[in-house]
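What follows is each chain in one-letter form.
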Amino acid sequence: MTTSWGIDLVKRISWGFISLKCPEGLCYGTLAVHRMCFSLSIWHLVLGLLTMGVVDSRHPRAKLQNGLWGVKFVGWLVLAVLSFVIPSGFFEFYSRYVAMVGAAVFLLIQLVLLVDFAYNLAEGCIDRYEETERPLWRNLLIWGTISMYVAFAVMTIVDYVFFASEGCGRNQFFITTNMLVCIIVSVIAVHPRVQEANLKSGLAQAGMVTAYATYLVTSALAGSPPGDEDKGEPECNPLASRASARATMAVVGAFFTIGAICYSTTNAAVKSNSLIRSASSSMYEPLATSDEGSVQMTRSTNAQLRQNALRDAVASGALPASALEDAEEEEDPESTDDETYGVQYNYTFFHVIFCLAAMYAAMLLTNWNSIKSSDHVIIIGRSVAAVWVKIITSWLCLLLYSWTLVGPVVLPDREWS
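Since the structure is predicted, the reported quantities are computational estimates derived from the model, not experimental observations.

A. Main features of the state of the cysteines. Taken as a whole, this structure holds 1 disulfide when the rule is applied. Between the sulfur atoms of Cys 168 and its disulfide mate Cys 236 the distance is 2.0 Å. Its torsion about the S-S bond being -100°, the disulfide of Cys 168 and Cys 236 is classed as left-handed. Of this pair, Cys 168 sits in the loop between α6 (135-163) and α7 (169-189) while Cys 236 sits in the loop between α9 (203-222) and α10 (243-270); the two residues are 68 residues apart in sequence, bridging distant segments of the chain. Judged by relative accessible area, which is 1%, Cys 168 ranks as buried. Cys 236 sits in the buried class, given a relative accessible area of 15%.

Written out as structure tokens, the structure reads:
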């Protein structure tokens, strides 16, 4: 939908019999992409409002989350059709202010999840090694950390070789700044005072963060538009003129983009309880308290005792065998429904995350509102706006991780669990 390529293809396949006369912005182009993604955002926003206050699957409105798929699909189709009736002026405002702000918020959530993933992965390897004492987990942590820093070094060298030629001062600034900040962050991560305040800090987490930040810089430079020779601009991206490089960047960019969106949306949605509680309280609160656990254990014990009593009654002949089958059918919904006594995640927050993800996808597909209708192949991330978004994202990633290191030292009285 980004260009008229699809309309032109239909015309060629049909030998000119099917000629769709549809203006730019309605059937293709930046605004057309925003129309479709806008319908998805509204769809999730409506579902989020309708499921607000649902605390377990016994609530009448819980079916809106876990069922009624046909009705929800028809509802989205109606919103998609209505989005093409709305005047283009609305989407010009929406794409510049609403969608861009929503995409920025989603990017921040994505960075928080990345830092959280780095800590969880390192802690998981350490916990497994302490429990099992198998060298596999120790070697995985050590060699994984080494591979991250090797990737950081290789990407930095590649950046200097391909994108930091004479006259490319901006690229040189990006590469050098990223390299220095990554080194500083790594040193801070193993500083004795930092490790004393934050026992979880180490090179494993720093390696993952520095590798991701360097990847963002490399991706931004590789996706930068070619220089304009007529204006005397230097060629700071030699890969832009190579067809094989463009195809590779398109595939790699799409792969990482889809993977990042899927990981961010699913993890942010299912971790909504932790995120909401962390925002409302500085103290750590487990998702399930001991009282809740004992209540569920009591329910499980009672169900087992009841099942044993029925089996004894059937064996003695006091009850027919059908009584045992009926009891199993009654217990099946409770055994398969893990949300009978409490939802596993916040339904409203789940849909808010997907609403923001739709805005982020719209900005990616339109290269942050900078695609042209004359382009027949759109490479995700190839625009000046996309370059700056990736560079700023890499800076924010390093800044956020640095705060997790320095924060416990600066604010020792606060709980950082």
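B. A look at the environment of Asp 127. Along the chain, the position of Asp 127 falls in helix α5 (residues 88-132). Residues Asp 127 and Arg 138, 11 residues apart in the sequence, show an inter-C-alpha distance of 10.0 Å.

C. A look at the packing of aromatic side chains. Under the definition given, this model contains 17 aromatic pairs. For the pair Phe 173 and Phe 174, a centre-to-centre distance of 6.0 Å together with 50° between the ring planes defines the contact as tilted. Counting every residue linked through ring pairs, the aromatic cluster contains Phe 38, Phe 90, Phe 91 and Tyr 94. Cation over ring: Lys 72 sits above Trp 69, and NZ or CZ is 3.7 Å from the ring centre.

D. Region of the structure containing α7. An ideal rise of 1.5 Å per residue puts 30 Å on 21 residues; α7 measures up with 30 Å between its terminal C-alpha atoms. Those residues of α7 that sit buried are Asn 171, Phe 174, Ile 175, Asn 178, Cys 182, Val 185, Ser 186 and Ala 189. The arc that holds every buried residue of α7, seen down its axis, measures 105°, which confines them to one face. As for α7, its buried residues are in contact with α6, α8 (192-197), α9 and α15 (384-410).

E. Representation of unusual backbone geometry within the structure. A positive phi angle, near 55°, is found at Glu 133, a position not held by glycine. Turning to its location among the elements, Glu 133 is positioned in the loop between α5 and α6. Note on Glu 133: relative accessible area 63%, which makes it exposed.

F. Focus on the nonpolar core. Core analysis: the biggest nonpolar cluster contains 22 residues, and Tyr 94, Phe 106, Met 359, Tyr 360 and Trp 368 have the highest contact counts within it. At the level of secondary structure, the elements contributing two or more residues to this core comprise α2 (30-50), α5 and α14 (347-365). With 9 residues, α14 is the single largest residue contributor to this core. In this structure, Ala 118, Ala 206, Ala 213 and Cys 397 belong to the second largest nonpolar core, which totals 18 residues.

G. View of helix α4 (residues 69-83). Spanning 15 residues, α4 covers 21 Å between terminal C-alpha atoms, matching the ideal 21 Å at 1.5 Å per step. Looking only at α4, the buried set comprises Lys 72, Trp 76, Ala 80 and Ser 83. One side of α4 carries all its buried residues, which in axial view fall inside an arc of 80°. In this structure, α4 carries Val 71 and Val 81 as exposed residues pointing more than 90 degrees from its buried face.

H. Spatial organisation of the environment of Ser 201. In this structure, Ser 201 sits in the loop between α8 and α9. For Ser 201, a relative accessible area of 7% corresponds to the buried category. Separated by 79 residues in the primary sequence, Ser 201 and Ala 122 have C-alpha atoms spaced 9.3 Å apart. Aside from chain neighbours lying at most four places away, what touches Ser 201 is Tyr 119, Ala 189, Val 194, Gln 195 and Leu 405. Of note is the side chain of Ser 201, whose polar atom sits 3.3 Å from the backbone oxygen of Ala 189. A polar atom in the side chain of Ser 201 sits 2.9 Å from the backbone oxygen of Asn 198.

Basis of the calculations
Residue numbering note: each chain is counted from 1, following its sequence as written. Reporting of local features is limited, given that this is a predicted model, to residues whose pLDDT is at least 70; pairs of side-chain atoms are given and counted only at 80 or more, and all residues count toward the totals for whole chains, interfaces and linings. In computing side-chain properties, one takes all heavy atoms of the structure into account and sets aside hydrogens as well as water. The disulfide definition used here is simple: a pair of cysteine sulfur atoms within 2.5 Å. Under the scheme used here, helices are H or I runs from DSSP no shorter than 4 residues and strands are E runs no shorter than 2 residues, and both carry numbers assigned from the N terminus. For each residue, the accessible area found with a 1.4 Å probe, counting protein chains only, is set against the maximum for its type, and the residue is called buried under 20%, exposed over 50%, and partly exposed in between. Each Phe, Tyr or Trp ring, with Trp reduced to its six-membered ring, pairs with another whose centre is within 6.5 Å; inter-plane angles below 30 degrees give stacked pairs, above 60 give edge-to-face pairs, and intermediate values give tilted ones. Two thresholds decide whether a charge sits over a ring: the Lys NZ or Arg CZ must be within 6 Å of the ring centre and within 35 degrees of the ring normal. Working rule for helices: expected span equals 1.5 Å times residues minus one. It is the directions from the helix axis to the C-beta atoms whose arc is reported. Contact definition: two residues touch when any of their heavy atoms are within 4.5 Å. As used here, the term nonpolar core means buried Ala, Val, Leu, Ile, Met, Phe, Trp, Tyr and Cys residues forming a set that is joined through side-chain atoms within 4.5 Å. Polar contacts, as used here, are pairs of N or O atoms within 3.5 Å; protein pairs need one atom able to donate a hydrogen and one able to accept it. Residues neighboring in sequence count only if both atoms are side-chain atoms.

These figures capture arrangement, not role.
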